[in-house]
Protein chains: 2
Amino acid sequence: MSFSPLTLRLIESLTCLPGVGPKSAQRMALHLLDRDRVGAQKLADSLQLAMEKIGRCQRCRNFSEETVCHTCRQTSRDPALLCVVETPADVIAIDQSGSFRGYYFLLLGHLSPIDGIGPEDIGADVLDERLAEGEVKELVIATGTTVEGEATAHYLSEMARRHNVVASRIAHGVPMGGELEYVDSNTLSLALQGRKIL
Amino acid sequence: MSFSPLTLRLIESLTCLPGVGPKSAQRMALHLLDRDRVGAQKLADSLQLAMEKIGRCQRCRNFSEETVCHTCRQTSRDPALLCVVETPADVIAIDQSGSFRGYYFLLLGHLSPIDGIGPEDIGADVLDERLAEGEVKELVIATGTTVEGEATAHYLSEMARRHNVVASRIAHGVPMGGELEYVDSNTLSLALQGRKIL
Ligand SMILES: [Zn+2]
Ligand SMILES: [Zn+2]
């Protein structure tokens, strides 16, 4: 005896979710089958649509179903300021702090030679072109405070220097080794105000 | 700034999964978009197919894409023995103990007057018809060891009595208040061997 083929397939598919092992996947599948078929159908549709339509914004590399995302199209922002972050969640966290009114650029990771992640994998070429446009006057580097985040920050500050763009790093009000998205708005706000020219 | 509409929709849809709050849903969505689009597409397909095809087995009420499930179609089992459990996971756990060779009947819950769950909600009518067929000689009641599980067991033993079917309860080798699916095979095996006639 075991689950039916389609139930097994559903359980197996659910393990693609981070933090979901075989046992949780089983509970999730049975819950959906037994109690939330409407939610499951909605999830199937959302996944389908997301995978079909969501790509990366040409300007900031954030996930977006439009060629240029909503944030990059906002004209109320200061084009002289460009904040470099690692993830979409970081953008949300910084925007919620209310202390930054420029644009964003997403690395979607950080340099990590040991994992084979080089400059091209974090969109360094796209950022290079962006800085070459000449509009950006200050590159606010908000990569993580991990060893890789710091190495990435150093690499980006060198790039800024080559374009005569000021490079700044958000202040270490952010706890060392901490993840940006878990930092409260006040701390982030202070960290941004206390940023230092590199 | 926030996530794109389709990203937000995906995040929101993921919270239908048990144990997944807004923060985990966000991590899951970004993980899928960034690193596992193949897995996400597979999950979308599996969910779609599961919701479309998986119903309940007419005989045992287990989830199945067939009218009568694989287990109910096995002729190697003993038709005189019918084991009543609460969930599909319980069936798997008991079958893995190797100590039961009869058929199963799934309540998909237990009686809970306070939640408005009555006999018809746990398939008591279907079980009644099954017992009326006359093939079942012993009803092995393996509902949970919770108050509701015990009350359900009592209700089922009364039903068995009306059909002149012996009702037995698996022995309390199972820890009180414990969930059947987390009990190891040896304990379950002992509990089945030590079952008592009610
Ligand atoms: Zn953008
Ligand atoms: Zn069946």
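Residues numbered from 1 in each chain as written. Chains lettered and ligands numbered in written order. Predicted model: local features only at pLDDT ≥ 70, side-chain atom pairs only at ≥ 80, totals over all residues. Heavy atoms only, no water.

### Some thoughts on the relation of the copies chain A and chain B
Logical step 1: When chain A is fitted to chain B, the residual RMSD is 0.0 Å, and the transformation amounts to a turn of 180° plus an axial shift of 0.0 Å. In symmetry terms, the pair is related by a two-fold rotation axis. Residue A:Ala44 of chain A places its C-alpha closer to the rotation axis than any other residue of that unit, at 2.2 Å.
Logical step 2: Both copies present the same face, since 100% of the interface residues in chain A are matched by interface residues at the equivalent positions in chain B. (Least-squares fit on C-alpha atoms with pLDDT ≥ 70 in both. Contact = heavy atoms within 4.5 Å.)

### A few points about the side chain of A:Gln74
Logical step 1: In this structure, A:Gln74 sits in the loop between helix 4 (70-73) and strand 3 (78-85).
Logical step 2: Only 2.5 Å separates the side chain of A:Gln74 from the side chain of A:Arg77, close enough to count as a polar contact. (Helix = DSSP H or I, 4+ residues; strand = E, 2+ residues; numbered from the N terminus. Polar contact = N/O pair within 3.5 Å; in protein donor to acceptor, adjacent residues only side chain to side chain.)

### Looking at the coordination of the zinc ion (ligand 1)
Where a metal carries four tetrahedral donors, each ideal angle is 109.5 degrees; where it carries six octahedral donors, the ideal angles are 90 or 180 degrees.
Residues and elements named next belong to chain A.
Logical step 1: At 2.3 Å from the zinc ion (ligand 1) lie its protein donor atoms, namely Cys57 (SG), Cys60 (SG), Cys69 (SG) and Cys72 (SG).
Logical step 2: Around the zinc ion (ligand 1), the 4 donor atoms are arranged such that angles at the metal cover 106 to 117°; this shape is classified as tetrahedral.
Logical step 3: Positions of the donor residues of the zinc ion (ligand 1), expressed as sequence spacing, correspond to C-x2-C-x8-C-x2-C. Of this pair, Cys57 sits in the loop between strand 1 (55-56) and strand 2 (63-64) while Cys72 sits in helix 4, and the two are 15 residues apart along the sequence.
Logical step 4: Among the residues examined, Cys72 registers a relative accessible area of 13% and is labelled buried. (Donors = N, O, S within 2.8 Å, 3.2 Å for Na, K, Ca; no water. Tetrahedral: all angles 85-135°; square planar, octahedral: opposite > 155°, others 65-115°. Buried < 20%, exposed > 50% of the residue type's maximum accessible area, 1.4 Å probe, protein only.)

### Overview of the domain arrangement of chain A
Logical step 1: Structurally, chain A comprises domain 1 (5-53) and domain 2 (81-169).
Logical step 2: Each of domain 1 of chain A and domain 2 of chain A has a C-alpha centre, and these two points are 35 Å apart. (Domains from an automatic or database assignment.)

### Some words on the packing of aromatic side chains
Residues and elements named next belong to chain A.
Logical step 1: Following the criterion strictly, the structure yields 2 aromatic pairs over all chains and no others.
Logical step 2: With 5.3 Å between their ring centres and 55° between their planes, Phe100 and Tyr104 make a pair best called tilted.
Logical step 3: For Phe100, a relative accessible area of 1% puts it in the buried group. (Phe/Tyr/Trp six-rings, centres within 6.5 Å; stacked < 30°, edge-to-face > 60°.)

### Observations regarding the coordination of the zinc ion (ligand 2)
Residue and element names in this part refer to chain B.
Logical step 1: Protein coordination of the zinc ion (ligand 2) is provided by Cys57 (SG), Cys60 (SG), Cys69 (SG) and Cys72 (SG), with donor distances spanning 2.2 to 2.3 Å.
Logical step 2: For the zinc ion (ligand 2), the donor residues sit on a single chain with the sequence spacing C-x2-C-x8-C-x2-C. Here the residue Cys57 occupies a position in the loop between strand 1 (55-56) and strand 2 (63-64), and Cys69 occupies one in the loop between strand 2 and helix 4 (70-73), the gap between them amounting to 12 residues.
Logical step 3: A relative accessible area of 2% means that Cys57 is categorised as buried.

### What to know about the nonpolar core
Logical step 1: Core analysis: the largest hydrophobic core is formed by 90 residues, its most contacted members being A:Leu17, A:Ile94, B:Leu17 and B:Ile94.
Logical step 2: The contact partners of B:Ile94, leaving out residues within four places of it in the chain, are B:Cys83, B:Val85, B:Ser99, B:Phe100, B:Tyr104, B:Ala142, B:Leu180, B:Leu188 and B:Leu192. (Core = buried A, V, L, I, M, F, W, Y, C linked by side-chain atoms within 4.5 Å.)

### Quick look at the pattern of salt bridges
Logical step 1: Counted by the stated rule, this structure contains 16 salt bridges over all chains.
Logical step 2: Where A:Arg35 meets A:Asp34, a salt bridge forms, and the shortest distance between an N and an O atom there is 3.6 Å.
Logical step 3: The network of salt bridges with shared partners includes A:Asp34, A:Arg35 and B:Arg56. (Salt bridge = Lys/Arg side-chain N within 4 Å of Asp/Glu carboxyl O.)

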